[in-house]
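# Observations on the three-dimensional arrangement
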Amino acid sequence: MRLLNPQKLKELQSNPSRIRNICILAHVDHGKTTLADSLVATNGIISPKMAGKLRYMDSRKDEQERGITMKSSSISLLHSKGAEEYLVNLIDSPGHVDFASEVSTAVRLCDGAIVVVDVVEGVCPQTQAALKQAWLENIRPVLVLNKMDRLILEVKLSPLDAYVHLTQILEQVNAVMGELFASEILARTIPEKPQSPNDPDKSSSSLYDWSTGLEDEDDSHLYFSPDQGNVIFASAMDGWGFSIEDFAKLYAEKLGVNEKVLQKTLWGDFYLHGKTKRVMKGAQEKAKKPLFVQFVLDNLWEVYDTVVVRKEKDKLQKIADSLNIKLTVRDMRHTDSKVQLQALCGQWLPLAKTLLDMVCIKLPAPYEITEEKAEKLMCSATERFDSLPSETQQLKSVFLACSSDEDVPVIVYISKMFPMERGCLPQYRSRPLTAAEIAQRREQARLRHAQRLAQSHDVPHVGGCGDDVIPMPEPHLLSHGDEIKTEEQEAQEQSHEDVFIAFARVFSGTVKRGQELYVLGPKHEPQSALEKLKNGEIIDPNLTLKDLKSGQHITRVKIDQLFLLMGRELETLDSVPAGNVLGIGGLEEHVLKSATLASTVACPAFTEQAQVVVPIVRVAVEPAHPQDMAALVHGLRLLNQADACVQVIVQETGEHVLVTAGEVHLQRCLDDLRERYAKVPINVSAPIVPFRETVVVPPTVDMVNEAIQDQSIARKDGDTENTDEVITMCTPNKQSTVKICAAPLPTEVTSLLEAHTELLKAMDKHLHFKAGHQTEEQSSQKSEDFPSDNTSGNQMVLTERTLKAIETLKERLKDAFSAAGDEWKGAENQIWSVGPRRCGPNVLLNRVSDYDRPAIWQRLHGSDPRLEYDSSFVNGFQLATLAGPLCEEPIMGVCFIVEDWTLADKSQLDLLSTSETTSGSQPYGPFSGQMMSAVKEGCRRAFQAQPQRLMAAMYTCNIQVNAEVLGKMYAVLGRRHGRILHGDIQEGTSTFTVTAVLPVVESFEFAPEIRKQTSGLASPQLVFSHWEVIEIDPFWTPRTEEEYLHYGEKSDTGNRARRYMDAVRRRKGLAVQEKLVEFAEKQRTLSKNK
Ligand SMILES: Nc1nc2c(ncn2[C@@H]2O[C@H](COP(=O)(O)OP(=O)(O)OP(=O)(O)O)[C@@H](O)[C@H]2O)c(=O)[nH]1
Ligand SMILES: [Mg+2]
C-alpha cells in the first residue's frame, strides 16, 4: 500500500512550508539504517514487522552482507501531523569513515539532520565529524539517543544509573556543539577597526580579547536538551521512541500537574515531593529519584523485565490493557518475546510518529534557508561575497525566496552521480497490464495459435507432393516474431547496463522536462562567463564534458528525465519545484561528480563540499588480460564519476592508480570495478602508501641507547663529501653561486603550515593574481600589501576574515619561531617561500645578508637584479621539496636556509646570453633553468648532509573492547608498530575504550585481524591523523660493539625505515642498494648424495 499518490505528491512538492529535507547522521553502526526502516514502514513501503531487520535503504548486496551502509540514498515519505501533511525527503548516510564523502553529498542537499547516538558507545569520532559537517553546512540537527534497549538488557544498568549515563552522553554531545560554536565565533570576531598594515601599533591585534565575542553570543538554541524538545530516546530495533512531551502529556493528567511544568521538569534534577505532590528541585542533593527515572525509565525497565526477561504473558496483557493497547492473538502466541515487546512498545511509544513530528516542528523548511547559508553556498569562505559580479549577488535573494514561479531563475545543485541499473528505471520496469491490454494480448495469441494450426494442416499436403519447398510462415509474422525476440534480448542486455542519475536539489524555480539549462562545472566563474557571453560568445548546445577545453566549464543540456527518489526505486516526474530533492537522468555526458544546473550563467558554481577524509590508500590496477585495457579504462571512468571520494590517476609510467579513503572503500571500489563498471578480471598491486622525508637534529644516542661519542659515526660513513653542512652550488655557466643548508623546522611551525594549506594557497593565488594584473605605476604607488578598503574593485577578493586569518597566522608563526630558540628569531619575516606547491610544510629562508627581498606576506617589489631570477629560485625549491632524495617522496618539516646568493653583473649575463644565442650554441640552456636546477640540487644535497628520516602516515583508531581481550588487542597493535595513546574503562561496564595510533603502511588487514583475535568484539575505525617521524636512520647499519651484539651483523630485523624506503624505491624503479646473495654457499645437488 503506497500512501503517496501522484496528485498529493504534486501538491506537497509545490508547497515549501510542507517539505522537510533531512538526513540521518551518526557514527558507524549506531543504527541509522534501522531507524530509517521504522520511518519507511510508516508509508507502507515495507511491513512494520520487517522494520529494523530489512535495512531497506541498504540496497547494495555488499551493504547487506557486511552490514554497513556505503552510500547515501534518499526516500520521499509522506507524514501526517494532525491535519497537516508533510513531504519528508529522508537521506540515509553511511557512518563508516571511508565513506565520509557520501555524508558530505547528503548534507549539502538538506536543511536538517537527525543525529543518532548509540547510548552504549556514546559520542564516537564519526559522531563528532557528522556534527561538524552539519555545522559547516548550517543545517539544524535533532538528536536520537538510540539503542536504549541495550542499557536494559545488555549493560543491565539500573534506571537511575541509566539516567546518569544518559546525562553524560548529552553532555558529551553538547560539548561538541559548544566547541563548534566557540571556534566559529572566534573565527568570526574581527577586531573592531581593521588595522592597516602601516599601523605602528600592529601587535595590539594579538591582545584582542577573544572572550568578549563568546559572552555576547546567545548559544542556548544550539544545545540538545529533552526539555527543548529536540531529543528522542529510542530503540530503533524494537521500534519505539519517545520525547519528554509524550510523557508530560500522559502524566499531567494523572498527577494533576501542569503539562508545561512537567515538560520543563521531567528531564533534570527534579523530583516529586511525596506529600505535597509538588515538583521540587534538587533530587540529587536529597537523594530522591528524578522525575525522569520515576515516571519514564522505571516503567520502561518494568516492561522489558516483564516481557523479555521474565516472559510473563498474563502480566503483559495487563500492561497492554492499562495502556489501552490491543495485542493480536498471533503476537501473544509467538514464542519470541521480542515480538510481543515490539508489538507493545511500537503502539505505546511509536518511534516514527514521534520522530517525524519532531522533524516537522524543529527542523526548518527549505524556504527558511538563512542568508549566511546562501552566501556560503555561492562563495567560498576565503573570498568576499561582494567581490562577485552584481548579477550573481542578486541571486542571493532568489535562494532565500525559494520560489517556484515561472519567471525566477532555475538553480539546481547536483551533489553526486549515482549508478542505477537501467532495468530499474521506471520506463523499463514491467508494470501491471490493464484489462484492455490483456484482452489484446489474448487476441494476438489466439491468432498465432490459429495460424500455426492452419500451417500444420498444410505441411503434410505440400510434403506429399514431393516438393522441396519448405513451408514458410507468413513473412510479416516471421519478421514480427523476430523483432520481438531481438528487442527483448536487447532490452535484457540493456537492463543490466548502468545509467547515472544525478542526486540533486532544486534551490530555485521549477525544473521541467524539456527545459534547457546550463550545466556549470565546479570551476565555473560567473565573472568570466558573463564577460564571454557579453562578447557574443555562445555555448554550443552539442558540447559535452569531454569536448570542453581548459578554461571552459559550461555546457547546455535539455532535461529529459526527472525522478522522485524512493530508496531502491525511482518514480517518473514531469516537473519539480524549488525546495525538493530529486533525481535527474541523462546527464552522464555533462556532469562528472557534481555540478550546478542553472538557467543563467550568472549563477556561481556551488562551493565545494567539505572533504573530511584524506584519501590515502592507493593501488595500481591493470587488466588481467591486456586486451581488456579499454574496458578497464572505461570502467575507471565510470567509477570516478560515481564516487565523490575516489581519484583515478594515470601516472607518467602509464599505470592507472586508484586513490581511495581506506581499506573498506578500496574493497568496494574494486568490487564495483570488477562486477559493475569494467566487468573484466583485474590485477591489483599491493597498496601504495605515501611517505614523507625529513631531517632531524643529530641523535645523541644510538640504536641501543648508548650515547654517541663521535658524531661523525652517526653519519653515513665514507661520505666525506657531505660532512660540510652548508652546500655551495654553482650554475653550470658559473654566473651564480648559492649557499644552502638544511635544518629541521620547529615542529610547531610545521604543524601551523600544514594546518593552513588552504589559506596559504589563497594568499599565494591572490598575490600572484595581483602581481599579474598590476601595472608598474600602481604597484609603486601602493606599498601596502592587503589593502582592507574596497577601492580596487573586483581585484580585492579576500574577505576580512581571510585577511585576519593571514595576520593571525603570521603572529602565530612569529611566536612559534621565537619559542624555538634565538637562531629562529624573526624568521617569519625571512620566509622566502613555502613548498611544495607553494603551500606545503617546508620553508625557504632568506638569510642572504644583502638580498633585501620581501617575505611571502608581501608582493614582490624592489630593484635588486636578482629579483629577475627569484621565481626560478623558488621553483627550484618547490621541485626539491616535491620529491626528496630518500625515495622521491615529498619533503616535510625542513627549513632550507639560503646563506648566500651571488649573481654576476647584469651586463655580463646579458653578454653571455646574447653570445650564446648568436653563436647558436647554448651549452647550458637558459639561465633561469640553470638557476632552478642549481637550487634544486643544492637543496637536495643540503638535505642529505643532515640526518635523514622517513615519516610515516599514521591512523588513529578508537577501539572498544572487553577487558578479557584487551591483551590480545595490545599484541596486535604492538606487532604493527602501533601505540596506545590512552585507554579508559567505561563506567559501569567492562568495556575499554582505547585510542591508538598505527602507521598506515602497517594497517592492512588490521581490522579483520583484530576482529579475529578478539572474537569479533572489537572493530576499529581507522582515521588518518598525522605524519610521524620513524626514529630509525634508513641508512643505519650496526656500528658499535653493542649494536652488533644486539642486532647481529646483518641487522635484518632492525631497520624498518630501510624496508619501507627500499619498497618505495623498488616500486618507483629507482636504484636499491642491496645484495641479492649474501654469504653465498655452493649448493649441493641433493640427488647425488643419495
Ligand atoms: N540493540 C539494538 N541494536 C540496534 C538498534 N538499532 C540498530 N541496532 C543494530 O545495530 C546494527 C547496526 O545498525 P545499522 O542500522 O545498520 O547501523 P548504521 O548506523 O546504519 O550503520 P552504517 O550505515 O554502516 O554506518 C544492526 O545490527 C542493528 O540491528 C537498537 O535500537 N538496539
Ligand atoms: Mg546504515
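Quick summary incoming for the structure in this document.

## Some thoughts on the coordination of the magnesium ion (ligand 2)
For the magnesium ion (ligand 2), the protein coordination sphere consists of Thr 33 (OG1) and Thr 69 (OG1), at 1.9 Å. Of this pair, Thr 33 sits in helix α2 (residues 32-41) while Thr 69 sits in the loop between α3 (61-66) and β2 (73-81); the two residues are 36 residues apart in sequence, bridging distant segments of the chain. Of the residues examined, Thr 33 reaches a relative accessible area of 6% and is grouped as buried.

## Section: the packing of aromatic side chains
Summed over all chains, the structure comprises 30 aromatic pairs. Plain terms: the ring middles of Phe 242 and Phe 247 are 4.9 Å apart, the flat faces sit at 80° to each other, and that makes the pair edge-to-face. The same class applies to Phe 242 as to Phe 247, namely buried. Centroid distance Phe 247 to Tyr 251: 6.3 Å. Interplanar angle 15°. Geometry classified as stacked. In this pair, Phe 247 and Tyr 251 are both assigned in helix α9 (residues 244-255), four residues apart and thus about one turn of the helix distant. Per residue, the accessibility class of Phe 247 equals that of Tyr 251, and both read buried. Each member of the aromatic cluster is reached from another via a ring pair, and the members are Tyr 163, Phe 233, Trp 240, Phe 242, Phe 247, Tyr 251, Trp 267, Phe 292, Phe 295, Tyr 304 and Trp 348. The ring of Tyr 413 has Arg 108 lying over it, and the distance from NZ or CZ to the ring centre is 5.2 Å.

## As for the sheet that holds strand β27 (residues 831-835)
The strand order across the open sheet formed by five strands is β25-β26-β29-β28-β27, and the pairing between neighbours is mixed. Edge positions in the sheet fall to β25 (727-730) and β27, since each has one partner strand and no second. On average, adjacent strands in this sheet sit at an angle of 25° to one another, irrespective of strand direction. As judged from the four bridges shared by β27 and strand β28 (residues 842-846), these two strands associate in the antiparallel manner. Bridging from a neighbouring strand, Ile 831 pairs with Leu 845 of β28.

## Focus on the site of ligand 1
Residues in contact with ligand 1 amount to 20 residues; listed here are only the nearest, Lys 32, Thr 33, Thr 34, Thr 69 and Asp 149. Here an oxygen atom of ligand 1 and a side-chain polar atom of Thr 33 are 2.6 Å apart. Asp 149 places a side-chain nitrogen or oxygen 2.7 Å from a nitrogen atom of ligand 1. Summarising the interface, the protein chains cover 86% of the accessible area of ligand 1, which totals 660 Å² for the free molecule. At the level of elements, α2 and α6 (148-154) are the ones that each hand at least two residues to the shell around ligand 1. When residues in the shell around ligand 1 are grouped by element, the largest group, three residues, is from α2. Class assignment of the residues belonging to the shell around ligand 1 gives a composition of five nonpolar, nine polar and six charged.

Each value, and the rule that gives it
- Residues numbered from 1 in each chain as written.
- Chains lettered and ligands numbered in written order.
- Predicted model: local features only at pLDDT ≥ 70, side-chain atom pairs only at ≥ 80, totals over all residues.
- Heavy atoms only, no water.
- Donors = N, O, S within 2.8 Å, 3.2 Å for Na, K, Ca; no water.
- Helix = DSSP H or I, 4+ residues; strand = E, 2+ residues; numbered from the N terminus.
- Buried < 20%, exposed > 50% of the residue type's maximum accessible area, 1.4 Å probe, protein only.
- Phe/Tyr/Trp six-rings, centres within 6.5 Å; stacked < 30°, edge-to-face > 60°.
- Lys NZ or Arg CZ within 6 Å of the ring centre and 35° of its normal.
- Pairing = 2+ DSSP bridges.
- Axes fitted to C-alpha atoms, helices over the stretch in contact; angles between N-to-C directions.
- Near = heavy atom within 4 Å.
- Polar contact = N/O pair within 3.5 Å; in protein donor to acceptor, adjacent residues only side chain to side chain.
- Areas by Shrake-Rupley, 256 points an atom, 1.4 Å probe, with all protein chains shown as cover.
- Nonpolar A, V, L, I, M, F, W, Y, C, P; charged D, E, K, R; others polar.

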